[in-house]
Amino acid sequence: MATIYEVAKTAGVSLTTVSRVINGNSKVRESTRTKVLDAMQQLDYRPNAIAQSLASNRTNSIGIMVSELDGPFFGLMMAAIEQELRKAGKHVIITTGHSDQTREKEGIDFLISRKCDAIIAHVEAVSDEYLIEINQGKTPVYLISRYVEAIADKCVSLDNKMGGYLATKNLIENNHRDIAYVSGPMFKADAVDRLTGHKRALAEFDIPFNEELFFVGDFKETGGQQALKHFLSTNRSFTAIVCSNDEMASGAMKYAREHSISIPQELSIIGYDNVIFANYLYPRLTTITNPVDKMGSMAARLVLQDCYQLPTLAVEHLFTPSLKVRDSVYPI
C-alpha cells in the first residue's frame, strides 16, 4: 500500500502540501493540487481515515436523526442532506427516533459516541430545554423542521402556521364553510402550528371552529381513513376536509372511493407537504408545499459553514409554504 511519503516524492512536494490537499485546505495552488491528486491516483493511495481524524480532530462524518426511514418525506430530506455534504467530501451516519423521547435521546447519544462532527436532527418528542442543553456540548445539533428561539442560529424551519392558514383559506375562497380538519399528533409542533393557521383562517371569515369536525390523526394513511370514517359517523354536514399532511389526505381519498363518495364533486380534500405522490393521486391532490429538500440542503450548509469553515452559498433559516393547486378542491 502506498504511503503519504511516496505521494509527496512522486508529486515533488512536501508532506505538508499533501496533507493540505487531502484535508481540503484551500491554501494550495490548483496546479499543485492537481499534481498531488494525480500522484495519489497513480499510486492508488487511499488516505487513512483514522489518522486523518486524529490529526484534524475531525471525522468528516455528520449524524442524521430522523423520525422514520420510510416514506417520501424523510427520503427526500435525507437525500438532500447527503448530496450537499457529499459534494464537500463528508459522509453521513443515520439513525431514527420514531417520535419517541427515549429513542430520540438514545439516537443522539449514539451519534455523539460515533464522533460525528455535527448532528442534523428532525426530532419531535424531546423538549426545547434538552436541545438547548445538548448544544452546550462539543457536538453541535442542528434542527430541521423545528424552531427553538434560544438556538435559532441552528434551526431551519417552515412557517407551518402560514401553511395551515393557506390550506383553509383556499377552501373558504371556494365557498366551503363546513370544513373538517385532520390534525397530526398534538405533541408535534408542526401539527399544532398547522392547526393554529387553520383556526386563524376560520376566524378571519367568521366561521366557528367545530370540535365535532376535528380529528387527531397519526400523519399516516390510516389516520386519514379513520378521520373520514369518524366524520361520517357524526352525521354532521361537511363539504371539505383539510388534512395536515398528504399521507392522511391519501387515506381519506381511499376511504371516500371505497364508500362511493366522489372527489371533489361531493367532497373536497386538501393536503400538506406536496410529497411526490400528491401529483399522481386521483384526482391530483391540491396541497401546501413543504420544501423539505431545500431545508435539508440548508441544514447541511449550516454544518459546512460552522463546523468546517467552508465557503457556502447563503443560508436561509425560515421557509414560507405556498399553495399548490391541483384537482381535489371543487367550488360550491
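The rules behind these values
Residues numbered from 1 in each chain as written. Predicted model: local features only at pLDDT ≥ 70, side-chain atom pairs only at ≥ 80, totals over all residues. Heavy atoms only, no water. Core = buried A, V, L, I, M, F, W, Y, C linked by side-chain atoms within 4.5 Å. Buried < 20%, exposed > 50% of the residue type's maximum accessible area, 1.4 Å probe, protein only. Contact = heavy atoms within 4.5 Å. Pairing = 2+ DSSP bridges. Helix = DSSP H or I, 4+ residues; strand = E, 2+ residues; numbered from the N terminus. Axes fitted to C-alpha atoms, helices over the stretch in contact; angles between N-to-C directions. Right-handed = clockwise from strand over helix to strand, strands pointing away.

For soluble globular proteins, the rule of thumb is that nonpolar side chains tend to be buried together. Grouped together as the largest cluster of nonpolar side chains are 44 residues, with contacts concentrated most on Met 77, Ile 120 and Val 303. Setting aside residues no more than four positions away along its own chain, Met 77 makes contact with Val 66, His 122, Ile 144, Ser 145, Val 292 and Gly 296. By size, the runner-up hydrophobic cluster in this structure holds 25 residues, among which are Leu 213, Cys 243, Leu 267 and Leu 281.

Moving on, we get to the sheet that holds strand β1 (residues 61-66). By definition, the strands of a sheet pair up through backbone hydrogen bonds, in either a parallel or an antiparallel sense. Taking strand neighbours across the sheet as the criterion, the 6 strands line up as β2-β1-β3-β4-β5-β11 in an open arrangement whose pairing is parallel. Both outer strands of the open sheet, β2 (91-96) and β11 (318-319), are each paired with one neighbouring strand and no more. Bridge count for strand β5 (residues 155-158) against β11 is 2 bridges, and the pairing is parallel. In the sheet register, Leu 158 faces β11, and the bridge partner there is Phe 319. Running over the sheet, helix α6 (residues 101-113) touches β1, β2 and β3 (118-121) and is turned about 175° from β1. Strands in contact with helix α12 (residues 292-307) are β1, β3, β4 (141-144), β5 and β11; relative to β4, the strand with the most contacts, it is inclined by about 160°.

In this section: the pairing of β1. With 6 of 6 residues buried, β1 is to be regarded as a mostly interior element. Residues Ser 61, Gly 63 and Met 65 point to one face of β1 and Ile 62, Ile 64 and Val 66 to the other, with burial holding for every one of them. Pairing between β1 and β2: 6 bridges, direction parallel. When the sheet's bridge partners are listed, Gly 63 is paired in β2 with Ile 93. Between the parallel elements β1 and β2, the chain passes through helix α5 (residues 72-87) in a crossover that is right-handed. Sheet topology note: the β1/β3 ladder contains 4 bridges and is parallel. Along β3, the bridge assignment pairs Gly 63 with Ile 119.

Here the focus is the environment of Gln 41. Mapping Gln 41 onto the fold places it in helix α3 (residues 30-43). Take Gln 41: its relative accessible area is 65%, and that puts it in the exposed class. With 31 residues separating them in the primary sequence, Gln 41 and Thr 10 have C-alpha atoms 11 Å apart.

With that settled, the discussion passes to the sheet that holds strand β6 (residues 179-183). Spatial strand order, β7-β6-β8-β9: 4 strands in an open sheet with parallel pairing. The sheet is open, and its two borders are formed by β7 (214-216) and β9 (268-270), each paired with just one other strand. Sheet twist, expressed as the mean angle between neighbouring strand axes with direction ignored, is 15°. By the bridge criterion, 3 bridges tie strand β8 (residues 240-243) to β9 in an arrangement that is parallel. Note on β9: the bridge partner recorded for Ala 240 is Ser 268. Strands in contact with helix α9 (residues 189-204) are β6, β7 and β8; relative to β6, the strand with the most contacts, it is inclined by about 165°.

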